[in-house]
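Residue-level listing of the chains:
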Amino acid sequence: MPRGYRCTVELRTLRYFVAVAEELHFGRAAARLHMSQPPLSRAIKQLEADTGALLFARSPTGVTLTAVGTVLLDEARALLEHADRVRARVREAAGAAAITVGILGDGTDPGVARLAAAYRRTHPGIDIRVRDTDLTDPTCGLRAGLVDVALTRAPFDETALTVRTLRSDPVGVVLRADDPLARHDRLRLAELGHRRWFQFPPGTDPLWQSYWNGGTPREGPVVRAVQECLHAVLWNGTVGLAPLGHDLPAELAVVPLIDMAPSRVVAVWNKGDTNPLIRSFIKTATVAYRH
C-alpha cells in the first residue's frame, strides 16, 4: 500500500469480502449472505478503493483472488475471529450477556420448546433474542452476521460453518386431501414426477432447493414461507415435501416417501466462533433434541 495510507474497514465489509473470496462468485456470495448482488458488488469496489488495490480479477464465469486479495483473506479471517472473541468477552464482563438464535420457519417443533425451557433453567441471566426466518435462507441470517447460532434443517452450503445434527425426520409429500395420491399409504418420488412443486426464489442455496425438490429440477410457484407452501398445495394442487409429524389443516394430507433421505434438524454456527454462549447452547440443544 502507498506510504502514509490509512484505511478504515467495517467488519461487515470484511464478512462480505470473505464470502466472495470463498465462493469466488458474486452471485453465490450474495445468496450466501442473503442479500442482493448490487450492494455486495458496491461494497467490494469500495473496499478495493479504500485499500488502493484490486482484490479480485473478474471474468464472465466468476472471480479469482489477486495477490493482495489472498493476503487480505488471511487477515480478514483472523480479524473476524478476534472480533467474535472480543464481543463474547465484553458481553460476559458487562454482565449482560446475550445470544441471538435464528429459527427456520417452524416454531412448533417440540424440540425448540424443550431447548428453550432447558436453556432458561441453566442460563437464567442470558438475554435470548430470536430471529424467525423464512425458507429462502436456511442459515437464518448466520452468514450475514444477524444471528449467533441457527436452528435449521440441512442440507445447505456448509462453507465456513460448523454443523451439529440434532435429529433426523422422515419426509412425506403434502397433497390436497382429495388428491387421488393422498389415498396411498406411501409413495415414491417417481410417482410425483409429472406434478408441479413449489420453488424458492432465485439465489436460494442450490443444495437446499435441490433437496426440497427431491433431487430433480422442477417447476412450480415460488414460495418463501411455510404457510405459502401450504397455500400453494391447497389452492393450486402443487405438491411439496415436509417432515412427518407436523400438524396440517384438515384439507391437506401427508404421505410418507420411501425413497427420500431424512430431513436433518441441525444447529449451525460460524466456524471458529469461540463465544462460550454458543458452546453452552449447542450442548443444551444436543440433549434437548434427544428426547
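Above this text you will find the structure in question.
Here the residue numbers are simple positions, counted from 1 along each chain's written sequence. Owing to the predicted nature of the model, reporting of local features is limited to residues with pLDDT of at least 70; listing and counting of side-chain atom pairs is limited to 80 or more, with chain, interface and lining totals taken over all residues. The side-chain quantities take in all heavy atoms of the structure and omit both hydrogens and water.

### Thoughts on the overall build of the protein
For the record, the criterion: Comment: elements are numbered from the N terminus, with helices defined as DSSP H or I runs of at least four residues and strands as E runs of at least two. Relative accessibility thresholds used throughout: buried, under 20% of the residue-type maximum; exposed, over 50%; partly exposed, between the two (1.4 Å probe, protein chains only). Here a residue-residue contact requires only that any non-hydrogen atoms of the pair lie within 4.5 Å. In short, Shrake-Rupley with a 1.4 Å probe defines the accessible areas, and a residue's cover is counted only from the protein chains shown. When charges are counted, Lys and Arg are positive and Asp and Glu negative, with His and the chain ends excluded. Working definition for charges: the position is that of NZ of Lys, CZ of Arg, CG of Asp or CD of Glu.
What the protein contains, in helices and strands, is eight helices and 10 strands. Counting only C-alpha atoms and orienting by the principal axes, one finds that the protein spans roughly 75 × 50 × 25 Å. Classification of the 291 residues of the protein by burial places 47% in the buried group. For the protein, restricting intrachain contacts to residue pairs at least 6 apart in sequence, the fraction spanning at least 24 positions comes to 71%. About 15000 Å² of surface is accessible on the protein, with carbon and sulfur atoms providing 55% of the total. On the protein, the mean spot of the 36 positive side-chain charges and the mean spot of the 31 negative ones are 4 Å from each other.

### Some words on the sheet that holds strand E6 (residues 161-169)
Filter applied, for reference: Pairs of strands are assigned from DSSP output, requiring at least two bridges between the strands. Note on geometry: axes are C-alpha line fits, over the in-contact stretch for helices, and angles between N-to-C directions span 0 to 180 degrees.
Pairing is mixed in the open sheet, where five strands are placed in the order E4-E3-E5-E10-E6. Each edge of the sheet is formed by a strand with only one pairing partner; in this case those strands are strand E4 (127-133) and E6. Averaged over neighbouring strand pairs, the angle between their axes works out to 25° when direction is ignored. With five bridges joining them, strand E5 (residues 149-154) and strand E10 (residues 263-270) adopt antiparallel strand pairing. For Arg-153, the partnering residue across the bridge sits in E10 and is Val-265. Relative to the sheet, helix H8 (residues 276-288) contacts strand E3 (98-104), E5, E6 and E10, its axis offset from that of E3 by approximately 45°.

### Quick notes on the sheet that holds strand E7 (residues 171-176)
Pairing in this open sheet of three strands is antiparallel, and the strands run E8-E7-E9 from one edge to the other. Unpaired on one side and paired on the other, strand E8 (240-243) and strand E9 (252-256) mark the two borders of the sheet. Neighbour-to-neighbour, the strand axes of this sheet turn through a mean angle of 40°, independent of strand direction. The pairing of E7 with E9 spans five bridges and is antiparallel. Counted as the bridge partner of Leu-175 is Ala-253 from E9. This element, helix H7 (residues 226-236), spans E7, E8 and E9 of the sheet and lies at about 45° to E7.

### A few points about the nonpolar core
In plain terms, the rule: Residues belong to a common nonpolar core when they are buried Ala, Val, Leu, Ile, Met, Phe, Trp, Tyr or Cys residues joined through side-chain atoms within 4.5 Å.
By size, the foremost hydrophobic cluster in this structure holds 27 residues, and its most contacted members are Val-173, Leu-175, Leu-187, Leu-241 and Leu-257. Taken together, the elements giving at least two residues each to this core come down to E7, helix H6 (206-212), H7 and E9.

### A few points about the packing of helix H5 (residues 110-122) against H8
The criterion, for reference: Each angle gets one of four labels, with under 35 degrees taken as roughly parallel, over 145 as roughly antiparallel, 65 to 115 as roughly perpendicular, and the rest as oblique. By the definition used in this description, the sense in which the near helix is turned from the far one sets the handedness, with an anticlockwise turn below a right angle giving left-handed and a clockwise turn giving right-handed. Residue polarity is assigned by list, with Asp, Glu, Lys and Arg as charged and Ala, Val, Leu, Ile, Met, Phe, Trp, Tyr, Cys and Pro as nonpolar; anything else, Gly included, falls into the polar class.
Contact pair H5 / H8: the axes reach a minimum separation of 9 Å and the direction vectors enclose 130°. Judged on the interaxial angle alone, H8 and H5 are oblique. Two packed elements cross with a definite hand, and for H5 against H8 that hand is right-handed. Together, Gly-111, Arg-114, Leu-115, Ala-118, Tyr-119 and Thr-122 of H5 and Leu-277, Ser-280, Phe-281, Thr-284, Ala-285 and Ala-288 of H8 make up the contact between the two elements. Among the residues making up the contact of H5 with H8, the classes are represented as seven nonpolar, four polar and one charged.

### A look at the pattern of salt bridges
Rules: Here, a salt bridge means any side-chain nitrogen of Lys or Arg that lies within 4 Å of a carboxyl oxygen of Asp or Glu.
Applying the stated rule across the entire model yields 14 salt bridges. We note a salt bridge from Arg-176 to Asp-178, for which the minimum N-O separation is 3.0 Å. Judged by relative accessible area, which is 28%, Arg-176 ranks as partly exposed. By sharing partners, the salt bridges in this structure join Glu-22, Glu-23, Arg-28, Arg-32 and Arg-77 into a single network.

### Focus: H5
One turn of the α-helix equals 3.6 residues, which is why residues spaced by three or four share an orientation. Definition in use: A helix is expected to span 1.5 Å multiplied by its residue count minus one. What the arc describes is the spread of directions from the helix axis to the C-beta atoms. For this analysis, a polar contact is any N or O atom pair within 3.5 Å, provided that within protein one partner can donate a hydrogen and the other can accept it, and provided that sequence-adjacent residues contribute only side-chain to side-chain pairs.
Over its 13 residues, H5 extends 19 Å from the first C-alpha to the last, a length consistent with the 18 Å expected when each residue adds 1.5 Å. Residues of H5 that are buried: Gly-111, Val-112, Leu-115, Ala-118 and Tyr-119. Axial view of H5: buried residues confined to an arc of 135°, hence all on one face. One side-chain oxygen at the N-terminal end of H5 lies 2.8 Å from the backbone nitrogen of Gly-111; it belongs to Asp-109.

### Focus on helix H3 (residues 37-51)
Under the 1.5 Å per step criterion, the end-to-end length of H3 is 21 Å for 15 residues, consistent within 8% with the ideal 21 Å. For H3, the complete set of buried residues consists of Leu-40, Ser-41, Ala-43, Ile-44, Leu-47, Glu-48 and Thr-51. Each buried residue of H3 sits inside an arc of 160° when the element is viewed along its axis, so together they form one side. Turned more than 90 degrees away from the buried face of H3 sit Arg-42, Lys-45 and Ala-49, all of them exposed. Remark: Gly-52 follows H3 within two positions and exhibits a positive phi of approximately 75°.

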